[in-house]
Every structure is written in structure tokens, then in C-alpha cells.
There are 2 protein chains.
Amino acid sequence: MSQLRVESFTISLDGFGAGPRQSIDNPLGVGGTALHGWAFATRTFQKAVFGGEGGATEGADEDFAARGFRNIGAWILGRNMFGPVRGPWPDESWRGWWGENPVYHVPVFVLTHHARAPLVMEGGTTFHFVTDGIASALAQARAAAGGKDVRLGGGVQTIQQYLRERLVDEMHIAIAPVLLGLGERLFDGVDLPALGYACTQHVASPLATHVVFTRK
Amino acid sequence: MSQLRVESFTISLDGFGAGPRQSIDNPLGVGGTALHGWAFATRTFQKAVFGGEGGATEGADEDFAARGFRNIGAWILGRNMFGPVRGPWPDESWRGWWGENPVYHVPVFVLTHHARAPLVMEGGTTFHFVTDGIASALAQARAAAGGKDVRLGGGVQTIQQYLRERLVDEMHIAIAPVLLGLGERLFDGVDLPALGYACTQHVASPLATHVVFTRK
């Protein structure tokens, strides 16, 4: 059965999934780059984002970064993961944060209230804009994934919506040794034990603590 | 200068400092024992609490447990750390959670609204009940500590009060690979970066991630 997986979603020690004051010039928010230091240090990330051969080829950080791309047939993103948080929803000239050849290379389903025709990018990524809710996005992503898993990219509110419906099968969270102070907390208003989730894996590197939550 | 230090205070992955439904029979709350698994596994803890010689004698967990008792001349506790959370404030027959020879062996200042004469225990521990606030408790603890540091034991609300006044000099927090779902969150309503705190140390064991926050 195709799983819905959160992978490599990183929070600060104080529980925030992005730095404050996100903007088109600083999509990770203040302090957000430090949040993702563990991922930047991996070969998987360097290759996927920059096309380079740098970064660690082993260790817990690389292991978790790499597993996040394995057996993924489609992605689901909240609207802020596709376009700028502040300001009006980007007009149709906006083609995502990642240039013409995005990191996904599979169909990506963007949750939004603004209908838009599918956007075909280079390298196998097509953005589909879903306006009829999270269950519909999941059904469409599962159909597109061809038996592979669906990766839920974020952000915080999108993950929370799927968790509350117990639709997430497995969730890998990295906790970075960073304080952000402000932002959206992943665990606010989400009682994971009550929803049937437990921590089933716990591995740390010098740059992050990796935990995996699995639904009973 | 005598420092005010939080040591070995443990939170869950979802940020809670104790399990839900704490009671006189289960002072750590549901799941609270799992929260403190890393500490139970150390020689320092086994010796301090049970007088035994079991537990790990090296490793990050033992290092942090041991440093928590070094150079401590007095403690400060919130009332719930001295007596049961639920029900009326214990009457004067209540002598703390730890029996006649508590783990402290130095003066302990308990924040409370209920005046009570000092309670002299075996082994050097005397409980002093402070009714005029956190600054007074700190001044009294510093005076009693004879140049050594003061350890702030908790709980969550007490630590938050001292953090908001920037009175904590250093704070060691352990994050246990446990979900609690409900309780009091250490970082709720406390913007540590805005208060001048940063994460200055990050070490993990299989049982916990240890972080140290230092005030600028």
C-alpha cells in the first residue's frame, strides 16, 4: 500500500518549522538556514538542489536525507511551500522556488484556494493545484504515484491537517540545535499519542536529532 | 559570581516537561518515567536517588547528570516539585517526595504561597518555604549557597518565570525520544532568542539529546 510520508521536516529546539519573517527573499525565514544545516551538509541535498557532488555520503544525516527520496511517486505541498508566504498569491508568472527544473521530478500536488492549470516543468515535475481539500489531494497524489509512496513536504499547517485525520503513515522529523523563538509549532494542538503515533526511531548526528513517528 | 543553572530538565519531543495526570502516586505523570529514562540509566542518578552503584559511569547521559550536581550550593523548586500537584497543598506532615534523606544535601528554597517553618531533613537538606516571589528566593538561595551556584529544579512554570526575567545563566535541557501529547510546554510563551539565549552545546546519546542554552 502506498504510504503518506513526511520526510526530513526540520524543527527547532523550541518546536518551530520555519524561522519568523519568511519572505520571497528569505523563504526559510530568519534563522531558517541554520535549521536546515544538517540537510545542506548531505550529498543527497547538494545533488538534488545544486546538482553538485559535495556533502557527506554517509552518516545519519545523509541516511535520512536519502531515504526521503526513495520510493516517492508524488508530493503534496501546502501553498506556502510553492509560493511566497507574504503578499497576494503569486500570479501565474510564478513557477515555484526552484527554477525551471525543480527538485521533485514527479507530480506535485499543491493545496490552494486558487485554481490554476497544471504547470509542467523540466525534469518530470508537474505542479497540480488542488482546490478541494486534503483528502482529494491525497487521492490524486496516490493515483499519480503509481504504487509508490507520497511525500508530504509541509509546511506546518499542512502536516497538522493530515496528522489530525490520521492520514500520515510515517513521519521523519529532524530537530536542529537552533532556537527560533517565533513561528508555527509543528506540535501545537496536535496530540500525537492520542492520534496513535509513537516514536519508533531516534538517531542523532552532531547537526540534528532524527526521530521517526509511526502510526499504530 | 554564583550562577543560576537549570540542569537535567527533560522534555518530550513534543515539548512537555512532565506527563499528564500527575498525582501523588505518579508524580512524573503518565509517560514521565520514559521521559527520564536517560537519567535513570546513569550512575549519578542511581547513586543520588537509590544509593546504588548501578548505571552508566561514562557517556553523555552520565556526563550531564554528574555536571548537574557539581558546584551546587542551593536549590530552588516550584511548589509542585516539593508536594503533590493535585489536591490541597499538603499539610505539615508532608516532608517531600524523597523520604527523610532527600537527594539535595544543601538548602532548598520552595516557592509557595503557603508560609511554613523551615523543614530540616537528614543529610544536609533543609527546605525553606519562600512566599515573597522568585527574586527573593534567588537572593536567599545565593546567600545560602556560599559562593557556589544555585540549581533551579523546575517545574515548567517556575523555569519560565526565571527565564522571562533573564535570571537563568545556563540551562541544560534533555530531549527524550518520547511523545507525551499533553502537559505544560517549557517553551510556550518564552521567546528564548529575544531574551538573549542561544544554544551553545548539542550532544546526543541513544536515550536523549542534550542541549545547553546560555544567556548573552
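Details of the structure are given in the entry above.
Figured I'd write up the structure that's included with this text.

Cut-offs and rules
- Residues numbered from 1 in each chain as written.
- Chains lettered and ligands numbered in written order.
- Predicted model: local features only at pLDDT ≥ 70, side-chain atom pairs only at ≥ 80, totals over all residues.
- Heavy atoms only, no water.
- Helix = DSSP H or I, 4+ residues; strand = E, 2+ residues; numbered from the N terminus.
- Rg over C-alpha atoms; globule rule 2.2 N^0.38 Å.
- Contact = heavy atoms within 4.5 Å.
- Areas by Shrake-Rupley, 256 points an atom, 1.4 Å probe, with all protein chains shown as cover.
- Lys, Arg positive; Asp, Glu negative; His and termini not counted.
- Charge placed at Lys NZ, Arg CZ, Asp CG, Glu CD.
- Buried < 20%, exposed > 50% of the residue type's maximum accessible area, 1.4 Å probe, protein only.
- Core = buried A, V, L, I, M, F, W, Y, C linked by side-chain atoms within 4.5 Å.
- 1 Å grid on protein atoms, 1.4 Å probe; cavity = no way out; pocket = protein on both sides within 12 Å on 5 of 7 lines; lining within 4 Å.
- Points joined across faces, edges and corners; volume = space filled by probe spheres on them.
- Nonpolar A, V, L, I, M, F, W, Y, C, P; charged D, E, K, R; others polar.
- Buried area = accessible area lost by both parts, 1.4 Å probe.
- Salt bridge = Lys/Arg side-chain N within 4 Å of Asp/Glu carboxyl O.
- Pairing = 2+ DSSP bridges.
- Expected span 1.5 Å × (residues − 1).
- Least-squares fit on C-alpha atoms with pLDDT ≥ 70 in both.
- Phe/Tyr/Trp six-rings, centres within 6.5 Å; stacked < 30°, edge-to-face > 60°.
- Lys NZ or Arg CZ within 6 Å of the ring centre and 35° of its normal.

## Points about the overall build of chain A
Summing up its helical and strand segments, chain A has eight helices and nine strands in all. In terms of overall size, chain A behaves like a compact globule, its C-alpha atoms giving a radius of gyration of 16 Å where 216 residues would be expected to give roughly 17 Å. Long-range pairs, those at least 24 residues apart, make up 64% of the contacts in chain A with a sequence separation of at least 6. For chain A, the exposed surface amounts to about 9100 Å²; the carbon and sulfur share of it is 54%. With 18 positive and 20 negative side-chain charges, chain A shows a separation of 3 Å between the mean positions of the two kinds.

## Details of helix H4 (residues 60-67) of chain A
Since the α-helix turns once every 3.6 residues, residues separated by three or four places project in the same direction. With seven of its eight residues buried, H4 of chain A lies for the most part within the structure. Packing partners of the buried residues in H4 of chain A comprise strand S1 (4-12), helix H2 (37-40), helix H3 (43-50), strand S7 (170-176), strand S8 (197-204) and strand S9 (209-215) of chain A.

## Observations concerning the nonpolar core
The biggest cluster of nonpolar side chains holds 68 residues, and the ones touching the most others in it are Ile76, Tyr162 and Ile173 of chain A together with Ile76, Tyr162 and Ile173 of chain B. Those residues in contact with Ile76 of chain B that lie beyond four places of it in its chain are Leu4, Phe109, Leu111, Ala137, Leu138, Ala141, Val150, Arg151, Leu152, Gly153, Gly154 and Tyr162 of chain B.

## Regarding empty space enclosed by the protein
Counted under the stated rule, the structure contains one cavity of 30 Å³ or more. When its volume is computed, the largest cavity comes out at roughly 130 Å³. As for the largest cavity, its lining consists of 16 residues, and the residues nearest its centre are Leu13, Asp14 and Gly15 of chain A together with Leu13 and Gly15 of chain B. Secondary structure elements with two or more residues in the lining of the largest cavity: S1 of chain A together with strand S1 (4-12) of chain B. Split into classes, the residues belonging to the lining of the largest cavity amount to eight nonpolar, four polar and four charged.

## Some remarks on the interface of chain A and chain B
Chain A puts 26 residues into the contact, and the matching count from chain B is 26 residues. For the pairing of chain A and chain B, the buried interface totals around 1900 Å² over both sides, and the portion due to carbon and sulfur atoms is 67%. Area buried by chain A at its contact with chain B is led by Leu13, Leu179 and His202 of chain A, which between them contribute 31% of it. Listed by contribution, the elements that provide at least two residues to the side of chain A that touches chain B are helix H8 (192-195), S8 and S9 of chain A. Counting residues per element, the side of chain A that touches chain B draws most heavily on S8 of chain A, at five residues.

## Thoughts on the pattern of salt bridges
Throughout the structure, instances matching the rule amount to 20 salt bridges over all chains. A salt bridge links Asp169 of chain A to Arg142 of chain A, with the nearest nitrogen and oxygen atoms 3.7 Å apart. Here the residue Asp169 of chain A occupies a position in the loop between helix H7 (156-164) and S7, and Arg142 of chain A occupies one in helix H6 (residues 134-145), the gap between them amounting to 27 residues. Given a relative accessible area of 12%, Asp169 of chain A falls into the buried group. Here Glu170 of chain B makes a salt bridge to Arg67 of chain B, at a shortest N to O gap of 3.1 Å. Highlighted residues: Glu170 of chain B in strand S7 (residues 170-176) and Arg67 of chain B in helix H4 (residues 60-67), separated in sequence by 103 residues. The class of Glu170 of chain B is partly exposed, set by a relative accessible area of 24%.

## Considering the pairing of S9 of chain A
All names here are of chain A. With five of its seven residues buried, S9 lies for the most part within the structure. As defined by bridge partners, S7 adjoins S9 across six bridges and the pair is classed as antiparallel. The residue bridging Ile173 from the neighbouring strand is Val211, located in S9. Pairing of S8 with S9 involves seven bridges; the strand directions are antiparallel. Each residue of the ladder has a partner; that of Ala198, found in S9, is Thr214. A loop of four residues connects S8 with S9, the two strands running antiparallel in sequence.

## Side note on H6 of chain A
Residues and elements named next belong to chain A. Between the first and last C-alpha of H6 there are 16 Å, a value that for twelve residues agrees with the 16 Å anticipated at 1.5 Å per step. All of the buried residues in H6 are Ile134, Ser136, Ala137, Leu138, Ala141 and Ala145. Tucked inside the fold, the buried residues of H6 contact S1, strand S2 (72-77), strand S3 (107-111), strand S5 (126-130), strand S6 (149-154) and H7. Count one or two residues on from H6 and you reach Gly146, which has phi positive near 55 degrees.

## Examining the relation of the copies chain A and chain B
Rotating chain A by 180 degrees about the axis while translating it 0.0 Å along that axis superimposes it on chain B, leaving an RMSD of 0.0 Å. Taken together, the rotation angle and the small translation identify this as a two-fold axis. Closest approach to the rotation axis among the C-alpha atoms of chain A is made by Ala204 of chain A, whose C-alpha sits 2.9 Å away. Take the interface residues of chain A: 100% of them recur as interface residues in chain B, which is what a same-surface contact looks like.

## What about the packing of aromatic side chains?
Residue and element names in this part refer to chain A. All told, the structure shown has 22 aromatic pairs over all chains when counted by the stated rule. Taking the centre distance of 6.3 Å and the plane angle of 50 degrees together, the rings of Phe69 and Trp75 count as tilted. Taking relative accessible area as the criterion, Phe69 reaches 36% and is therefore assigned partly exposed. Grouped by ring-pair contacts, the aromatic residues Phe69, Trp75, Phe82, Trp98, Tyr104, Phe127 and Phe129 constitute a single cluster. Directly above the ring of Phe69 sits Arg151, whose terminal nitrogen or CZ lies 5.0 Å from the centroid.

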